[in-house]
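# Observations on chain architecture
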2 protein chains.
Amino acid sequence: MDVGARLRMVRDRFGLSQRELAKRAGVTNGTISLIEQNRVSPSVSSLKKVLEGLPMTLAEFFTFDVEPQQQRAFYQADELPNLGNEQIQLLLVGTAHERRDIAILRERYEPGADTGPDMLFHEGQEGGVVITGEIEVTVNNETRVLGPGDSYYFDSKLPHRFRNIGDSVCEIVSASSPPTF
Amino acid sequence: MDVGARLRMVRDRFGLSQRELAKRAGVTNGTISLIEQNRVSPSVSSLKKVLEGLPMTLAEFFTFDVEPQQQRAFYQADELPNLGNEQIQLLLVGTAHERRDIAILRERYEPGADTGPDMLFHEGQEGGVVITGEIEVTVNNETRVLGPGDSYYFDSKLPHRFRNIGDSVCEIVSASSPPTF
DNA sequence: ACTTGTGGTTTAATATTCTTAACAACGATC
DNA sequence: GATCGTTGTTAAGAATATTAAACCACAAGT
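Residues numbered from 1 in each chain as written. Chains lettered and ligands numbered in written order. Predicted model: local features only at pLDDT ≥ 70, side-chain atom pairs only at ≥ 80, totals over all residues. Heavy atoms only, no water.

### Here's the deal with the overall build of chain A
Summing up its helical and strand segments, chain A has five helices and nine strands in all. Secondary structure elements of chain A, listed N to C terminal, follow the sequence α-α-α-α-α-β-β-β-β-β-β-β-β-β. The proportion of buried residues among the 181 residues of chain A is 47%. In chain A, of all internal contacts separated by at least 6 residues, the share reaching a separation of at least 24 is 62%. (Helix = DSSP H or I, 4+ residues; strand = E, 2+ residues; numbered from the N terminus. Buried < 20%, exposed > 50% of the residue type's maximum accessible area, 1.4 Å probe, protein only. Contact = heavy atoms within 4.5 Å.)

Below is the structure:
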């Protein structure tokens, strides 16, 4: 979706006229009109000024999703695909969804299961809740054992590791964004 | 962080010289030099062209995170704050986290609990897994009853509603991005 | 019907960005 | 040490964005 249509959409959503927004943003109404018609490609400085009148950040503006396509919404327990292996089962929620912002997983760690000594790290953030059993989680040199109801949340750039050191299965529901697999 | 420094950083990260990037992007090296020095504020069209040479989207460019700050990572079951009420308990995972990408919730619906007949809708995507009990979920005119292990995932722009129509408590772990509260 | 106000659009002048083509600084090679 | 190739920077002109002030259309009063 082009910048003009995007701006018009968010402005409408905020219920402001071109002149109202122009005043709040410190630009002229003509500028906003021209941008919305894609007659010009604004400088990022002026676009930033315009968005500050809403207010909205550049990141939000460009991340902003337009078309909410109808999709499959419901998934039965037994139809989730396994992204992991036998030791660590990773069932992805919402398989049919195309442009996914979050990876939600039902995770199942067998006793002794371990993501390995070479720590994981990647873009984004992740968190989760322990449903049953216990799991040893290490994040950036800090290690904790979490039980049912306990949870975690951290930047995925920090090196991390999961180990089931107990003798019973451990189940977790986790989410990470953006999805990495 | 300003646009110039951002561009220089991502260009360095891709290991390209100003001239190499300029050639791939279809602009001149002078343009990139001026942008990186913040001597000009590029038009979004030219910035877009530049980023396509990497390649990188505008959204990624402005979302781009610099400093992965160390934070609290672990949370005990009893210390999560409740964002809901008595009927619908919403426990937020990772309270201490500042710039949050995902809202992970332990949700608990009492029998009869209902998010209400006026459907919810907002930016982003959301999904979840039912842990115990049953819940009636409606997304965009489609209604389903989900039990333990069943899950859902949809665009939050689609109107949606949750109702516990059973006579036992229903527990869910959900995630939504971007967080909306 | 005539004003008044608001909405978005357009035009000519001004301000800014972008290109072209040069420059200076650094390292490698002969 | 001279030459070459590469780096990032810069000056002046061409191209584009922005402003200021007009325009047109529509609706609400009077």
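### Here we look at the protein's contact with DNA strand C
Around DNA strand C sit 21 residues in total, of which R19, Q37 and R39 of chain A together with T31 and S46 of chain B are the nearest. Among the atoms of DNA strand C lying within 4 Å of the protein, the sugar-phosphate backbone contributes 67%. Contacts to DNA strand C include R8 of chain A, whose side-chain N or O atom sits 3.1 Å from a phosphate oxygen. In this structure, R39 of chain A approaches DNA strand C through a side-chain N or O atom, which is 2.6 Å from a phosphate oxygen. (Near = heavy atom within 4 Å. Polar contact = N/O pair within 3.5 Å; in protein donor to acceptor, adjacent residues only side chain to side chain.)

### Quick notes on the protein's contact with DNA strand D
Around DNA strand D sit 21 residues, and of these T31, S41 and S46 of chain A together with R19 and R39 of chain B come closest. Sugar and phosphate atoms form 67% of the subset of DNA strand D atoms that lie within 4 Å of the protein. In this structure, a phosphate oxygen belonging to DNA strand D sits 3.2 Å away from a side-chain N or O atom of R8 of chain B. Side-chain polar atom of R19 of chain B to a base nitrogen of DNA strand D: 2.7 Å apart, as the coordinates give it. For the surface near DNA strand D, the secondary structure elements donating two or more residues are α3 (29-36) of chain A together with α1 (3-14), α2 (18-25) and α3 (29-36) of chain B.

### Observations concerning the pattern of salt bridges
Residue and element names in this part refer to chain B. Taken as a whole and judged by the stated rule, the model has twelve salt bridges over all chains. The salt bridge partner of E36 is R8, with a shortest N-O separation of 2.8 Å. Within this pair, whereas E36 is found in helix α3, its partner R8 is found in helix α1, the two being separated by 28 residues in sequence. We note a salt bridge from R11 to E36, for which the minimum N-O separation is 2.7 Å. Remark: E36 occurs in helix α3 and R11 occurs in helix α1; sequence separation between them is 25 residues. Assigned by exposure class, R11 and E36 land together as buried. (Salt bridge = Lys/Arg side-chain N within 4 Å of Asp/Glu carboxyl O.)

### Some points on the nonpolar core
Core analysis: the largest hydrophobic core is formed by 40 residues, its most contacted members being F61 and F62 of chain A together with F61 and F62 of chain B. With near-sequence residues (within four places) excluded, F62 of chain B lies in contact with L58, A59 and F62 of chain A together with V3, R6 and L47 of chain B. Membership of the second largest hydrophobic core comes to 19 residues, among which are L90, L92, A103 and Y109 of chain B. (Core = buried A, V, L, I, M, F, W, Y, C linked by side-chain atoms within 4.5 Å.)

### Focus on the environment of A175 of chain A
Relative to the assigned elements, A175 of chain A resides in strand β9 (residues 170-177). By relative accessible area, A175 of chain A is classed as buried at 3%. Placed 73 residues apart in sequence, A175 of chain A and I102 of chain A show a C-alpha to C-alpha distance of 6.5 Å. Here A175 of chain A is in contact with I102, A103, I104, Q125, E126 and G127 of chain A together with I102, I104 and A175 of chain B, once residues within four sequence places are set aside.

### Examining the sheet that holds strand β1 (residues 74-75) of chain A
Strands sit in the order β1(A)-β7(B)-β4(B)-β9(B)-β3(B)-β2(B) across an open sheet of six strands; the sheet is antiparallel. Looking along the sheet, the strands with just one partner apiece sit at the ends: β1 of chain A together with β2 (88-93) of chain B. Inspection of the sheet shows strand β4 (residues 125-132) of chain B paired to strand β7 (residues 151-155) of chain B by five bridges, in the antiparallel sense. When the sheet's bridge partners are listed, V129 of chain B is paired in β7 of chain B with S151 of chain B. (Pairing = 2+ DSSP bridges.)

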